[in-house]
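Below are the chains, spelled out letter by letter.
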Amino acid sequence: MIKYTLILSVLLLFSCKNKQTTPTNVVSENKTIQEETKPTLEKETITFPSKDSLPITADIYKNKETPITVLLCHQAGYSREEYKDSAIELTKLGYAVMAIDQRSGKTVNNINNQTAIAARAKGLGDTYLDAKQDIEAAINYIYNQNGGQKIILVGSSYSSSLALLMGVDNAKIKAVAAFSPGEYFKGIDINKSISTYKKPVFVTSSLSESADVKTLVNKVDSNYLTHFIPEVKGIHGSRALWKTTEGNEMYWASFNGFLSSLKD
């Protein structure tokens with residue numbers, strides 16, 4: 001049976017966590033953000049090569065020396081800054097995360113997509129499928145850096161469909177969370193391609209997209225699937241987690257419930 005999760009206690013937790021204080025100390029480059037009664041958060045911007053040597057720009061968010069186990073991938077026309085607040089919330093839950101710029105994207109929250117800029121300068125393709133190699137390279141980079149720990153792959157819109165595709169066979173991926181996945185790729189049947197899933201999958205979307213998402217994942221074994229359908233309008237992609245989105249607390253409660261189920 002598909003699990004529709006809404007955990008009241010976690011909901012109350014995130015309702016409280018959304019009341020943040022303003023950072024009192026921010027240092028550029030390798031940034032340290034300190035807030036009252038909260039652990040120190042380190043944010044570092046790095047680059048590493050994609051499979052075709054294109055430099056990928058990424059932000060790493062972590063507390064202390066926790067190894068990175070969550071990879072965050074943005075939606076069309078965006079950059080890694082799609083996750084500027086969501087990444088911080090994930091560190092509060094104990095995760096170290098990396099948000100990348102894929103070559104198919106542009107700008108969000110006043111941060112330009114540096115990978116996309118580099119791809120255009122080199123005359124490289126920047127379609128959704130061209131970006132697949134960037135996500136694969138990020139998976140390999142994290143896996144090599146974290147001592148071989150499996151990765152939770154999070155995608156938004158087109159990147160969520162890429163995440164679902166990659167998660168089927170990639171042994172380095174522990175689980176996939178897909179915000180507003182869809183049949184975005186010409187010549188690729190996502191519904192058929194993901195029918196053999198044998199690892200945990202979380203999917204969600206706006207309310208209006210939920211019927212299409214349900215159809216998209218209807219071949220996935222229900223023992224591995226969590227599908228959260230919001231009771232409110234919601235929004236497309238991982239913006240569902242933004243504080244400005246109505247019902248973000250419900251999305252967070254369900255997402256955190258899924259993440260908690262993955263812990264050993």
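The residue numbering used here restarts from 1 in each chain and proceeds along that chain's sequence as written. At least 70 in pLDDT is required for a residue's local features to be given in this predicted model, at least 80 for side-chain atom pairs to be given and counted, and no such filter applies to totals for whole chains, interfaces and linings, which use all residues. Heavy atoms from the whole structure form the basis of all side-chain values; hydrogens and water molecules are not counted.

### Section: the overall build of the protein
Part 1 of the reasoning: Only DSSP runs of H or I covering at least 4 residues are called helices, and only runs of E covering at least 2 are called strands; the numbering of each starts at the N terminus. In terms of helices and strands, the protein carries 8 helices and 11 strands.
Part 2 of the reasoning: Classification of residues uses two cut-offs on accessible area relative to the type maximum, computed with a 1.4 Å probe and protein chains only: under 20% is buried, over 50% is exposed, and between them is partly exposed. Across the 264 residues that make up the protein, the buried fraction comes to 53%.
Part 3 of the reasoning: The contact definition used throughout considers only heavy atoms, calling two residues in contact when any of these lie within 4.5 Å. Nonlocal contacts in the protein, meaning residues at least 24 apart in sequence, comprise 66% of its contacts between residues at least 6 apart.
Part 4 of the reasoning: Reported accessibility uses the Shrake-Rupley method at a 1.4 Å probe radius. Residues are deemed covered only where the shown protein chains occlude them. Taken as a whole, the protein presents about 11900 Å² of accessible surface, with 51% of it coming from carbon and sulfur.

### Some remarks on the nonpolar core
Part 1 of the reasoning: Think of a nonpolar core as a cluster: buried Ala, Val, Leu, Ile, Met, Phe, Trp, Tyr and Cys residues, connected wherever their side-chain atoms sit within 4.5 Å. Membership of the largest hydrophobic core comes to 40 residues, with the highest contact counts inside it found for Phe48, Leu71, Met98, Ile100, Ile135 and Leu153.
Part 2 of the reasoning: By residue number, the principal contributor to this core is helix H5 (residues 158-169), which donates 7 residues.
Part 3 of the reasoning: Look past the residues within four positions of Ile135 in its chain and what remains in contact with it is Leu71, Cys73, Ile100, Gln102, Leu153, Ser159, Leu162 and Met166.

### Quick notes on the confidence of the model for the protein
Part 1 of the reasoning: What pLDDT reports is the predictor's confidence in each residue, on a scale of 0 through 100. Looking at the protein as a whole, its pLDDT mean stands at 89, while 85% of the residues score no less than 70.
Part 2 of the reasoning: Counting interchain partners and residues more than four positions distant, the pLDDT-below-50 stretch residues 4-37 has 59 contacts.

### Observations regarding empty space enclosed by the protein
Part 1 of the reasoning: Definitions used for this entry: grid spacing 1 Å over protein atoms alone; cavity, a set of points where a 1.4 Å probe fits but cannot get out; pocket, an open set with protein on both sides within 12 Å along at least 5 of 7 lines; lining residue, one with an atom within 4 Å of a point. Grid points are joined across faces, edges and corners, and a volume is the space filled by probe spheres set on the points. What the rule picks out here adds up to 1 cavity of 30 Å³ or more.
Part 2 of the reasoning: For the largest cavity, the calculated volume is near 30 Å³.
Part 3 of the reasoning: Lining of the largest cavity is provided by Leu72, Tyr83, Ser86, Leu90, Val154, Phe179, Ser238, Leu241 and Phe255.
Part 4 of the reasoning: Asp, Glu, Lys and Arg are counted as charged, while Ala, Val, Leu, Ile, Met, Phe, Trp, Tyr, Cys and Pro are counted as nonpolar; the rest, among them Gly, fall into the polar class. Of the residues contributing to the lining of the largest cavity, the split by class is 7 nonpolar, 2 polar and no charged.

### Some remarks on the packing of aromatic side chains
Part 1 of the reasoning: Here is the rule: rings of Phe, Tyr and Trp (six-membered ring for Trp) pair when centre to centre is within 6.5 Å. Planes less than 30 degrees apart are stacked, more than 60 are edge-to-face, and the remainder are tilted. Counted under the stated rule, the structure contains 9 aromatic pairs.
Part 2 of the reasoning: With centroids separated by 5.4 Å and ring planes inclined at 85 degrees, the aromatic side chains of Phe179 and Phe255 adopt a geometry described as edge-to-face. Here Phe179 is found in strand S9 (residues 173-179), whereas its partner Phe255 is found in helix H8 (residues 248-261), with 76 residues between them in sequence. Each member of the pair, Phe179 as well as Phe255, is classed as buried.
Part 3 of the reasoning: On the numbers, 5.4 Å between centres and 75 degrees between planes, the contact of Phe228 with Tyr251 is edge-to-face. Linking Phe228 in strand S11 (residues 225-228) with Tyr251 in helix H8, this pair joins segments that are 23 residues apart in sequence.
Part 4 of the reasoning: Ring pairing ties together the aromatic residues Phe179, Phe202, Trp252, Phe255 and Phe258, which thus form one cluster.

### Let's talk about the pairing of S9
Part 1 of the reasoning: Burial of S9 is extensive: 6 of the 7 residues sit out of reach of the surface.
Part 2 of the reasoning: Here, a strand pair is defined by DSSP locating no fewer than two bridges between the strands. Strand direction decides the pairing type here: strand S8 (residues 151-156) and S9, joined by 6 bridges, are parallel. In the sheet register, Ile151 faces S9, and the bridge partner there is Ile173.
Part 3 of the reasoning: Crossover handedness is defined here as right-handed if the route from the first strand over the helix to the second strand goes clockwise, with the strands pointing away from the viewer. For the handedness criterion, the β-α-β arrangement of S8, H5 and S9 is classed as right-handed.
Part 4 of the reasoning: Pairing of S9 with strand S10 (residues 201-204) involves 4 bridges; the strand directions are parallel. In the sheet register, Val176 faces S10, and the bridge partner there is Val201.

### Quick look at the pattern of salt bridges
Part 1 of the reasoning: The rule for a salt bridge is simple: a side-chain nitrogen of Lys or Arg has to be within 4 Å of a carboxyl oxygen of Asp or Glu. Under the defined criterion, the tally for this structure stands at 10 salt bridges.
Part 2 of the reasoning: As a salt-bridge pair, Lys51 and Glu136 come within 3.1 Å of each other at their nearest N and O atoms. Placement of Lys51 in the loop between strand S2 (41-49) and strand S3 (55-62) and of Glu136 in helix H4 (residues 132-145) is noted, with a sequence separation of 85 residues between them.
Part 3 of the reasoning: With a relative accessible area of 53%, Lys51 lands in the exposed category.
Part 4 of the reasoning: Between Lys92 and Glu89 there is a salt bridge, with the nearest N and O atoms lying 3.4 Å from each other. One end of the pair, Lys92, and the other, Glu89, are both in helix H2 (residues 86-92), 3 residues apart, so they sit about a helical turn from each other.
Part 5 of the reasoning: Assessed through its relative accessible area of 1%, Glu89 is described here as buried.
Part 6 of the reasoning: The network of salt bridges with shared partners includes Lys43, Asp59, Arg80 and Asp101.

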